[in-house]
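# Understanding the architecture of this molecule
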Amino acid sequence: MEFGLVLIIAVFVLGVVAGVPVAFTLGIAALAGFLWEGLNPAVAFQQMASGMSIFSLLAIPFFIFAGELMLHGGIARRLVALASACVGWMRGGLGMVDVSTSMLFGGISGSAVADTSATGTILIPAMKAKGYGVDYAVSLTVTSSIAGILIPPSHNMILYSLAAGGGISVSALFIAGIVPGLLMCLFLALAAYVMAVRRGYPAEGWKGFRQLAWTFLDALPGLFTAIIILGGVLSGIFTVTESAAFGTIWALAVTILVYRALSWADFKIAVAASVRTSAVVFLLVGTATAFAYLLALYRLPEILTEGMLAISDNPVVILLLINVCLLLLGAVMDMAALILITTPIFLPVVTAIGVDPVQFGMVMMMNLGLGLTTPPVGAVLFVGCAIGRIRIEDVMRTIWPFWGAILVALALTTYVPEVSLTLPRLLLGYGG
């Protein structure tokens, strides 16, 4: 192995261990590699600029801004009311509401953190007031929020397409996430129901079809955001970037003109949060592009592919190894950074054993999404515990059934290609 490869990996690992932000660690490691190879440092900055100067990346700040508008503009509260009218009558009804709201909100915002903030702020206190355990409320909220990563739109899928070289259709990735996302939520709902029965949690009363119809009509303007985004992409009227822009404009119009819930102060908060998040994502994209350039220069993807195939040529074994690796990495690093770093490394491995890139994208989303709910750097877990005012250690004691539900969905997505590829083939004629 070349010393340059050892150098950049060592610098990266030391930076992560020292607590340096991943974006800066990637940039420092890349700069060290360029200097070692005797290349002009300006090349590193050229790589960063080229990585960030991709038109399709404009969809990311639009999706992030739309999620913030929904969080502060009253859409989340109406989605909770709709979910409550639909499934609140079941045993542990508020738990079912939690999962259902995550499906609805995730299908609009595409952000697990925004999902946890929006639904958690409403449902965790509500569950506490009804006698639910705080550990149950927080565990279910943070794990179901992963639906925002799988159910379209998802800016993480745009990052995956970019990291894969731009040759994977973002539209195919969006559609491919629907079934795995719904499947994961179904298993989470089953786990929530079993735990609710065992703990004797109450059921909410059936509110009648009139209430259901009213909450649906009230939530419909917000839900139409998802229709604009997905409908525009599927019909071919809009590109993904254009759909994101029109969806954001619609969300802004709904929160200001229809719901009249977005104050000027909330609007400024939404703008500031979107700018901060978008800036971090774009900096990550730039530094990861420079880092990936060196990984390709040192042939790391080829080396890893040869090494894994030397261990076994059985696709089941190789996919299991990659899943374990992604789960471990997801526990210690940010999701966006891992997508940008690991995709160029693992994608050649899985394509060598016949796995479709779109299917592997869903496997990666679910794996790294699970990492958001695990210590020590699980951002979603921290948000949920802060809202519930509970220690992470207390949540860890009872979150296992929900992790198990996600792992079952992950296994099906990994080893049954039809789970993620059937809809893209039917709706888009995908033939990858």
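Position numbers for residues count from 1 along each chain, tracking the sequence in the order it is written. Per-residue local features are limited, in this predicted model, to residues with pLDDT of at least 70; the limit for side-chain atom pairs, both in listing and counting, is 80 or more; totals at the level of whole chains, interfaces and linings are taken over all residues. The basis for the side-chain values is all heavy atoms of the structure; hydrogens and waters are excluded.

The name recorded for the protein in an unreviewed UniProt entry is TRAP transporter large permease protein, from Falsiroseomonas bella. UniProt positions are given in the numbering used here, feature names are shortened, and annotations may be inferred rather than shown by experiment. As stated in UniProt under Subcellular location (unreviewed entry), the record for the protein gives "Cell inner membrane". Checking UniProt for the protein, the heading Subunit (unreviewed entry) contains the comment "The complex comprises the extracytoplasmic solute receptor protein and the two transmembrane proteins."

## Examining the overall build of the protein
Helix and strand content of the protein: 23 helices and 0 strands. For 432 residues, the compact-globule estimate of 2.2 N^0.38 gives 22 Å, and the C-alpha radius of gyration of the protein, at 21 Å, lies within 12% of that figure. When the backbone C-alpha atoms are referred to their principal axes, the protein occupies close to 70 × 45 × 45 Å. Working definition: with a 1.4 Å probe on protein chains only, accessible area under 20% of the residue-type maximum means buried, over 50% means exposed, and in between means partly exposed. Evaluated residue by residue, the protein yields a buried proportion of 55% over its 432 residues. A separation threshold of at least 6 residues defines the contact pool for the protein, and within that pool the share at least 24 residues apart is 80%. A total of about 17,200 Å² of accessible surface is found on the protein, and carbon and sulfur atoms cover 71% of it. Under the DSSP-based scheme used, a helix requires at least four consecutive residues in state H or I and a strand at least two consecutive residues in state E, with every element numbered from the N terminus. Taken over C-alpha atoms, the radius of gyration is set against a globule rule of 2.2 Å times the number of residues to the power 0.38. Here, two residues are considered to be in contact whenever any of their heavy atoms come within 4.5 Å of each other. For every accessible area listed, the method is Shrake-Rupley and the probe measures 1.4 Å; residues are considered covered only by the protein chains on display.

## Side note on the nonpolar core
Generally speaking, a soluble globular protein has its nonpolar side chains buried in company with each other. For our purposes a nonpolar core is just a set of buried Ala, Val, Leu, Ile, Met, Phe, Trp, Tyr and Cys residues, chained together by side-chain atoms within 4.5 Å. Counting 119 residues, the largest nonpolar core has Tyr136, Met184 and Phe360 as its most contacted members. For this core, the element with the highest residue contribution is helix H18 (residues 335-352), accounting for 12 residues. Core analysis: the next-biggest nonpolar cluster, separate from the first, contains 18 residues, Leu69, Met70, Ile75 and Leu262 among them.

## Brief notes about the packing of aromatic side chains
Paired rings are identified among Phe, Tyr and Trp, the last through its six-membered ring, by centres lying within 6.5 Å, and are further divided according to the angle between planes into stacked (under 30 degrees), edge-to-face (over 60) and tilted (the rest). The full count for this structure, using the stated rule, is 11 aromatic pairs. Both rings, one in Trp264 and one in Phe267, keep their centres 5.5 Å apart while their planes meet at 20 degrees; by these two values the pair is stacked. Here Phe267 and Trp264 lie together in helix H15 (residues 264-297), a separation of 3 residues that amounts to about one turn. For Trp264, a relative accessible area of 59% corresponds to the exposed category. Through pairs of rings, three or more aromatic residues link up here, namely Tyr132, Tyr136, Tyr201 and Phe402.

## Here's the deal with the environment of Met52
Along the chain, Met52 turns up in helix H3 (residues 41-52). Along the backbone, Met52 and Phe402 are 350 residues apart, and their C-alpha atoms lie at a distance of 36 Å. Those residues in contact with Met52, other than ones at most four positions away along the chain, are Leu57, Phe282, Leu283, Val285 and Gly286.

## Topic: a nonpolar patch on the surface
Patches here: salt-bridge-free residues with over 30% relative accessible area, like charges joined within 9 Å, nonpolar side chains (Val, Leu, Ile, Met, Phe, Trp, Tyr) joined within 5 Å. For this analysis, a salt bridge means a side-chain nitrogen from Lys or Arg found within 4 Å of a carboxyl oxygen belonging to Asp or Glu. A surface patch of nonpolar side chains, about 890 Å² in accessible area, is lined by Ile311, Val316, Val317, Leu320, Leu321, Val324, Leu328, Val408, Leu412, Tyr415 and Val416. For the nonpolar patch, the secondary structure elements donating two or more residues are helix H17 (315-330) and helix H22 (400-415). The leading source of residues in the nonpolar patch is H17, at 6 residues. When its relative accessible area of 34% is taken as the criterion, Leu321 is described as partly exposed.

## Some points on unusual backbone geometry
Of note, the phi angle at Arg260 is positive, near 50 degrees, even though the residue is not glycine. Tracing the chain through its elements places Arg260 in the loop between helix H14 (240-258) and H15. The exposure class of Arg260 is exposed, given its relative accessible area of 71%. The phi torsion at Arg389 lies on the positive side, around 55 degrees, for a residue other than glycine. Position of Arg389 relative to the elements: it lies in the loop between helix H20 (379-388) and helix H21 (392-396).

## Focus: the packing of H17 against helix H19 (residues 357-371)
Orientation is described by lines fitted to C-alpha atoms, with helices fitted over the stretch in contact, and by angles between N-to-C directions that extend from 0 to 180 degrees. In contact at an axis separation of 7 Å, H17 and H19 are set at 35 degrees when each is read in the N-to-C sense. Both H17 and H19 take part in a crossing whose hand is right-handed. Taking contact as the criterion, the partners of Ile322, Asn323, Leu326, Leu327 and Gly330 in H17 are, on H19, Phe360, Val363, Met364, Asn367, Leu368, Leu370 and Gly371. A breakdown of the residues in the contact of H17 with H19 according to their chemical character gives 8 nonpolar, 4 polar and no charged. For any helix crossing, the convention is left-handed if the near helix is rotated counterclockwise from the far helix by under a right angle, and right-handed if that rotation is clockwise. All residues other than Ala, Val, Leu, Ile, Met, Phe, Trp, Tyr, Cys, Pro, Asp, Glu, Lys and Arg, Gly among them, are scored as polar; the first ten of these are nonpolar and the last four charged.

## Comments concerning helix H16 (residues 300-311)
When the terminal C-alpha atoms of H16 are compared, their 17 Å separation across 12 residues agrees well with the 16 Å that a helix rising 1.5 Å per residue should span. Considered for burial, the residues of H16 that qualify are Leu300, Pro301, Thr305 and Met308. Along the axis of H16, the buried residues cluster in a sector spanning 135 degrees; they form a single face. Projecting away from the buried face of H16 at angles above 90 degrees are the exposed residues Glu306 and Ala310. For H16, the elements touching its buried residues are helix H1 (3-17), H15, H17 and H18. Residue count minus one, scaled by 1.5 Å, sets the expected span of a helix. Here the arc refers to the set of directions running from the helix axis out to each C-beta atom.

## Here we look at the state of the cysteines
Disulfide assignment relies on a single distance test, namely cysteine sulfur atoms paired within 2.5 Å. Here the structure, examined in full by the defined rule, presents 0 disulfides. Considering cysteine sulfurs only, Cys185 is the nearest to Cys86, which forms no disulfide, with 14 Å between them. Cys86 gets classed as partly exposed once you look at its relative accessible area, which sits at 36%.

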